[in-house]
Amino acid sequence: MGEPTDSGPAPAAGRGRAALIEDGVEFDGRDAALLRAVDAAGSVAGAASELGRSRARALTRIETLEDAYGTLVERRRGGEGGGGSRLAASARDLLDRYDRLQAVLAATASVPETVLDGTVAAVDGELAVVDTPVGELSGLHGGTVDDEGADDGADGGAVAVGDAVQVRIGADAVTVNDAANAVDPDATSARNRLAGRVSRIDSGETVSTVRIVVEPVDRGGTDDAAVEVAALITAESIDRLGLAPGDPVSLRWKATATRLVAQVE
């Protein structure tokens, strides 16, 4: 068995930042910080000073947010108890929504990805077939090309036959099966299937990361090394399958769960 290449499981990167959108207005981390500062300081002026922003800009941003999300800051005029500002209930609900979104993105970002280099062999609409060291794999690219290979510009990320791309596979998309009970290709919508052996299991409390070494296909005497693919599996499934290092397994995942990214020269 060859040594795994550098292409393989890696922490997912750049999967996005947390932002809520309402009526075309984004609510992001800077806005959340502003509302929390208002809550802590009791005034917009105090919040702006704490964050190193101007009071005018802070007020303008709050007004922009309120046009889309409703009243967020309740302002009290000066009097016996003095003036100031406090968060409305809707602002606290908005912060709760934002925190939940952040938690989901953080969990997604921690999912390892398998990254393979390859060359586009065929394009069919939003799907493309890529020739990789472990065989042909299908995935989604950023646009479409016409019959003559021209980019239609729909998303600015179309690929064409012959393009060098990265094939990125999230570990949460990969299903592991006992090699002796491989799924019938005609019985599943998963286009991508590989066979390999478990190299190690990184155990978690409820979910573990299983690393599977896949040997390269016969590529006419080229010196391609084995590739390591990551899969997230529950502890219950590991026990059911009786998985251990060295066990042969079959892998499958959908083309729609596979991202193709153009390689930058």
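The model shown is predicted, which means the values in this text are computed figures rather than measured ones.

Q: Tell me about the overall build of the chain, residues and numbers included.
A: A count of helical and extended segments in the chain gives 5 helices and 15 strands. Buried residues in the chain amount to 35% of all 265 residues. Once local pairs closer than 6 in sequence are excluded, the contacts in the chain between residues at least 24 apart make up 62%. With an accessible surface of roughly 14,500 Å², the chain has 45% of that area assigned to carbon and sulfur atoms.

Q: I'd love a proper account of the nonpolar core, names of residues and values included.
A: Core analysis: the largest hydrophobic core is formed by 27 residues, its most contacted members being Val 176, Ile 212 and Leu 251. Of all the secondary-structure elements, those providing two or more residues to this core are β6 (112–124), β7 (127–132), β9 (164–170), β11 (192–202), β12 (207–214), β13 (227–234) and β14 (248–253). With 4 residues, β13 is the single largest residue contributor to this core. Setting aside chain neighbours within four positions, we find Ile 212 in contact with Val 176, Gly 196, Arg 197, Val 198, Ser 199, Val 227, Glu 228, Val 229, Ala 231, Val 249 and Leu 251. Grouped together as the second largest cluster of nonpolar side chains are 25 residues, Val 38, Tyr 69, Leu 94 and Leu 95 included.

Q: I'd like a rundown of the packing of aromatic side chains, residues and numbers included.
A: Applying the stated criterion to the full structure yields 2 aromatic pairs. Considering the side-chain rings of Phe 27 and Tyr 69, the 6.1 Å spacing of their centres and the 65° angle between planes classify their relative orientation as edge-to-face. Of the two residues, Phe 27 is situated in strand β3 (residues 25–27) and Tyr 69 in helix α3 (residues 55–69); the sequence distance between them amounts to 42 residues. Each member of the pair, Phe 27 together with Tyr 69, is buried. Consider the rings of Phe 27 and Tyr 98, whose centres lie 5.7 Å apart with planes at 80°: the pair is edge-to-face. Of the two residues, Phe 27 sits in strand β3 while Tyr 98 sits in helix α4 (residues 89–109), which places them 71 residues apart along the sequence. On the basis of relative accessibility, which here comes to 4%, the residue Tyr 98 falls in the buried class. Each member of the aromatic cluster is reached from another via a ring pair, and the members are Phe 27, Tyr 69 and Tyr 98.

Q: I'd like a description of the environment of Asp 96, backed by residues and values.
A: Relative to the helices and strands, Asp 96 is located in helix α4. For Asp 96, a relative accessible area of 40% corresponds to the partly exposed category. C-alpha of Asp 96 to C-alpha of Ala 32: the two residues are 64 residues apart in sequence and 9.9 Å apart in space.

Q: Outline the packing of helix α1 (residues 29–41) against α3, supporting the account with residue identities and numerical values.
A: Packing of α1 against α3 brings their axes to within 11 Å, and their N-to-C directions diverge by 110°. Viewed along their axes, α1 and α3 adopt a mutual orientation that is roughly perpendicular. Residue-level inspection shows Asp 31, Leu 34 and Val 38 of α1 in contact with α3, the latter providing Ala 58, Arg 61, Ile 62 and Leu 65. Looking at the contact of α1 with α3 residue by residue, the class counts come to 5 nonpolar, no polar and 2 charged.

Scoring rules and cut-offs
- Residues numbered from 1 in each chain as written.
- Predicted model: local features only at pLDDT ≥ 70, side-chain atom pairs only at ≥ 80, totals over all residues.
- Heavy atoms only, no water.
- Helix = DSSP H or I, 4+ residues; strand = E, 2+ residues; numbered from the N terminus.
- Buried < 20%, exposed > 50% of the residue type's maximum accessible area, 1.4 Å probe, protein only.
- Contact = heavy atoms within 4.5 Å.
- Areas by Shrake-Rupley, 256 points an atom, 1.4 Å probe, with all protein chains shown as cover.
- Core = buried A, V, L, I, M, F, W, Y, C linked by side-chain atoms within 4.5 Å.
- Phe/Tyr/Trp six-rings, centres within 6.5 Å; stacked < 30°, edge-to-face > 60°.
- Axes fitted to C-alpha atoms, helices over the stretch in contact; angles between N-to-C directions.
- Parallel < 35°, antiparallel > 145°, perpendicular 65-115°, else oblique.
- Nonpolar A, V, L, I, M, F, W, Y, C, P; charged D, E, K, R; others polar.

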